[in-house]
Structures are given as C-alpha cells and as structure tokens.
Amino acid sequence: MFNTTMDELGRVLIKREIRKQLGLGKGTKLSVSVEDGAVVLRKTEKTCAICKAEIDKDSEIPLCKECIDRVKASK
Ligand SMILES: [Zn+2]
C-alpha cells in the first residue's frame, strides 16, 4: 500500500511499480467503481457484445471470432 494525494482535477498518481505489475500504461482504459466506500480501478477488458467472451484488444469489431462467424452464417 502507498499514500498518494489527489490534485485539483481529481487525478491520482499510481506508483510506477504498480503500473508495471498490472501492465498499465498511457492510454490504458480503466473501469472505475465504488465498492464498500472504496474507489476501485480495473483495467477495462474488451468483451464480445453478444457472448461476453474476452476479445483481442486491437479488434475493431466488438465481437469474438465465433460470433462474427455466426452472424455471417445467418445472412
Ligand atoms: Zn461472442
């Protein structure tokens, strides 16, 4: 655990060692939630819009390969 101070814009510094450990870098998208009075930051994982399976972060279509194939096959 470490202590940090919020600035006037609500920004908080996360120590480099923690960023490294979690693979957080510039542009990493985070989901913010409040749980039991604590602010929780989680890396936003890309999930398929149909089956919620994890998908490639670089994928431009918000669907997994199987769902893309299924959609194509239903046409
Ligand atoms: Zn899917």
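### Quick notes on the domain arrangement of the protein
Part 1: We note that the domain assignment places domain 1 (1-44) and domain 2 (45-75) within the protein.
Part 2: On a C-alpha basis, the centres of domain 1 and domain 2 stand 28 Å from each other.

### Describing the pairing of strand 1 (residues 30-35)
Part 1: Bridge count for strand 1 against strand 2 (residues 38-43) is six bridges, and the pairing is antiparallel. Looking at the pairing, Val32 lines up with Leu41 of strand 2.
Part 2: Hairpin connection of strand 1 to strand 2: two residues between the antiparallel strands, including Asp36 at a positive phi of 50 degrees.

### A short note on the coordination of the zinc ion
Part 1: On the protein side, the zinc ion has Cys48 (SG), Cys51 (SG), Cys64 (SG) and Cys67 (SG) as donor atoms, found 2.3 Å from it.
Part 2: Between the four donor atoms coordinating the zinc ion, the angles at the centre fall across 105 to 117 degrees, so the site counts as tetrahedral.
Part 3: Spacing between the donor residues of the zinc ion along the chain follows C-x2-C-x12-C-x2-C. Note that Cys51 is positioned in the loop between strand 2 and helix 2 (65-73) and Cys64 in the loop between strand 2 and helix 2, a separation of 13 residues in sequence.

### Remarks on the nonpolar core
Part 1: Membership of the largest hydrophobic core is limited to five residues, which are Cys48, Ile55, Leu63, Cys64 and Cys67.
Part 2: Among residues more than four places away in sequence, those in contact with Ile55 are Lys46, Thr47, Cys48, Ile61, Pro62, Leu63 and Cys64.

What counts as what
- Residues numbered from 1 in each chain as written.
- Predicted model: local features only at pLDDT ≥ 70, side-chain atom pairs only at ≥ 80, totals over all residues.
- Heavy atoms only, no water.
- Domains from an automatic or database assignment.
- Pairing = 2+ DSSP bridges.
- Helix = DSSP H or I, 4+ residues; strand = E, 2+ residues; numbered from the N terminus.
- Donors = N, O, S within 2.8 Å, 3.2 Å for Na, K, Ca; no water.
- Tetrahedral: all angles 85-135°; square planar, octahedral: opposite > 155°, others 65-115°.
- Core = buried A, V, L, I, M, F, W, Y, C linked by side-chain atoms within 4.5 Å.
- Buried < 20%, exposed > 50% of the residue type's maximum accessible area, 1.4 Å probe, protein only.
- Contact = heavy atoms within 4.5 Å.

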